[in-house]
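Given next are the chains, with one letter for each unit.
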Amino acid sequence: MANNPKAIIAGGSLGGLLVGNLLHRAGWDVEIFERVAGTMDGRGAGLVTHPEQREIIWQSGVARNAPLGIWVDRRIVLDRAGNVTGELPLRQLFTGWSRLYHLFHGVFPSSNYHDGLGIVKAEQRSDGVTAVLSDGSRRDADVLIAADGVRSTLRAQFAPEVQPEYAGYVAWRGLAEESAFSPATHRSIFEEFAFS
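None of these values were measured; they are calculated from a predicted model.

Rules and cut-offs
- Residues numbered from 1 in each chain as written.
- Predicted model: local features only at pLDDT ≥ 70, side-chain atom pairs only at ≥ 80, totals over all residues.
- Heavy atoms only, no water.
- Helix = DSSP H or I, 4+ residues; strand = E, 2+ residues; numbered from the N terminus.
- Rg over C-alpha atoms; globule rule 2.2 N^0.38 Å.
- Buried < 20%, exposed > 50% of the residue type's maximum accessible area, 1.4 Å probe, protein only.
- Contact = heavy atoms within 4.5 Å.
- Areas by Shrake-Rupley, 256 points an atom, 1.4 Å probe, with all protein chains shown as cover.
- Pairing = 2+ DSSP bridges.
- 1 Å grid on protein atoms, 1.4 Å probe; cavity = no way out; pocket = protein on both sides within 12 Å on 5 of 7 lines; lining within 4 Å.
- Points joined across faces, edges and corners; volume = space filled by probe spheres on them.
- Nonpolar A, V, L, I, M, F, W, Y, C, P; charged D, E, K, R; others polar.
- Salt bridge = Lys/Arg side-chain N within 4 Å of Asp/Glu carboxyl O.
- Core = buried A, V, L, I, M, F, W, Y, C linked by side-chain atoms within 4.5 Å.
- Phe/Tyr/Trp six-rings, centres within 6.5 Å; stacked < 30°, edge-to-face > 60°.
- Axes fitted to C-alpha atoms, helices over the stretch in contact; angles between N-to-C directions.
- Parallel < 35°, antiparallel > 145°, perpendicular 65-115°, else oblique.
- Left-handed = near helix turned anticlockwise from the far one by under 90°.

Draft legend 1. Structural detail: the overall build of the chain. On a plain count of helices and strands, the chain comes out with 5 helices and 11 strands. Against the compact-globule benchmark of 16 Å for 196 residues, the chain has a radius of gyration of 21 Å, which places it well outside the compact range. Residues counted as buried form 32% of the 196 residues belonging to the chain. In the chain, 60% of the contacts between residues at least 6 apart in sequence involve partners at least 24 apart. Counting only carbon and sulfur atoms, one obtains 54% of the accessible surface of the chain, whose full area is about 12,000 Å².

Draft legend 2. Region of interest: the pairing of strand 4 (residues 70–78). When strand 4 meets strand 5 (residues 84–96), the two strands line up antiparallel, connected through 8 bridges. If you follow I76 over to strand 5, its bridge partner there is E87. Once strand 4 ends, the chain turns through 5 residues before running back antiparallel as strand 5, passing G82 with a positive phi of about 90 degrees.

Draft legend 3. Expanded view of the layout of surface pockets. If you add up the space inside the largest pocket, you get close to 1,200 Å³. Around the largest pocket sit 33 residues that line it, and G46, I70, G174, L175 and A176 are the ones nearest its centre. Grouping the constituent residues of the lining of the largest pocket by class yields 16 nonpolar, 10 polar and 7 charged. Within this model, the second largest pocket holds a volume of roughly 360 Å³. Residue lining of the second largest pocket: 20 residues in total, with E34, R35, V36, D148 and G149 positioned closest to the centre. Grouping the amino acids of the lining of the second largest pocket by side-chain chemistry returns 9 nonpolar, 6 polar and 5 charged.

Draft legend 4. Looking closely at the pattern of salt bridges. What the rule picks out here adds up to 10 salt bridges. E123 is the salt-bridge partner of K121, the closest N and O atoms lying 3.6 Å from each other. Under the relative-accessibility criterion, K121 is labelled partly exposed at 38%. Residue E123 is classed as partly exposed on the basis of its relative accessible area, which comes to 24%.

Draft legend 5. Spotlight on the nonpolar core. Core analysis: the largest hydrophobic core is formed by 20 residues, its most contacted members being L17, V30, I32, V62, Y101, F104 and Y113. Contributions of two or more residues to this core are made by strand 1 (6–10), helix 1 (14–25), strand 2 (29–34) and helix 3 (97–107). Counting residues per element, this core draws most heavily on helix 3, at 5 residues. Discounting residues that sit within four places of it in the chain, I32 has contacts with I9, G11, G12, G16, L17, G20, F108, N112, Y113 and H114. Formed by 12 residues, the second largest nonpolar core is a distinct cluster that contains F33, A122, A131 and L144.

Draft legend 6. Representation of the packing of aromatic side chains within the structure. Overall, the coordinates contain 3 aromatic pairs when judged by the stated rule. With a centroid separation of 5.0 Å and an interplanar angle of 85 degrees, the aromatic rings of F94 and F193 are classed as edge-to-face. On the criterion of sequence distance, the pair formed by F94 in strand 5 and F193 in strand 11 (residues 193–195) is long-range, its members being 99 residues apart. Looking at F94, the relative accessible area reads 18%, which means it is buried. Ring centres 5.3 Å apart and planes at 10 degrees place the aromatic pair W97 and Y101 in the stacked group. Here W97 and its partner Y101 are both found in helix 3, 4 residues apart, which amounts to about one turn of the helix. Just as W97 is buried, Y101 falls in that class too. Put simply, the rings of F94, F193 and F195 touch in pairs and so form one group of aromatic residues.

Draft legend 7. Structural view of the packing of helix 1 against helix 3. Running from N to C, helix 1 and helix 3 point in directions that differ by 30 degrees, and their axes come no closer than 9 Å. In terms of orientation, helix 1 and helix 3 fall into the roughly parallel class. Considering the relative orientation of helix 1 and helix 3, their crossing is left-handed. Facing L14, L17, L18, N21 and R25 of helix 1, the residues of helix 3 in contact are W97, L100, Y101, F104, H105 and V107.

Listed below in structure tokens is the structure:
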């Protein structure tokens, strides 16, 4: 890949891995730098996919026959007693953050994924960009992509005026082991997208 265009990606989560895989399959030499050391397992929660998302997942190198998640045929609303008080037929594929992370990570060249090593700043050159890494080393590339999340060091460098703002609400999401549900609860919500 010595003569191929070079991309450096700040952030090795879903966005960085997806873009990294797409560029790699387009012939780019790609390196991903993730500031968190070790696997990023256990982050995120459930995700609902759409046809366009599944297509881009496959274009990133994930095999079309790789199990992405489970299909759910409808959404239901339950009352306090567990009775269905409303339903909407809507077939969708549900997956999890961790599942997509492992699929994307599994098809990206492991030698080009560097965890525990973040990008602290970028220096623009006339012929490209230099990434300054948290260990003091430097990497040159044609392009640098910031996919380093809400605490992005690159966004802070280039657009310090852009700050997260409170949206006016708090949403709590949680995960529970399937085995922790009572048999009645399991029967009422298994294979459903349930609201209560």
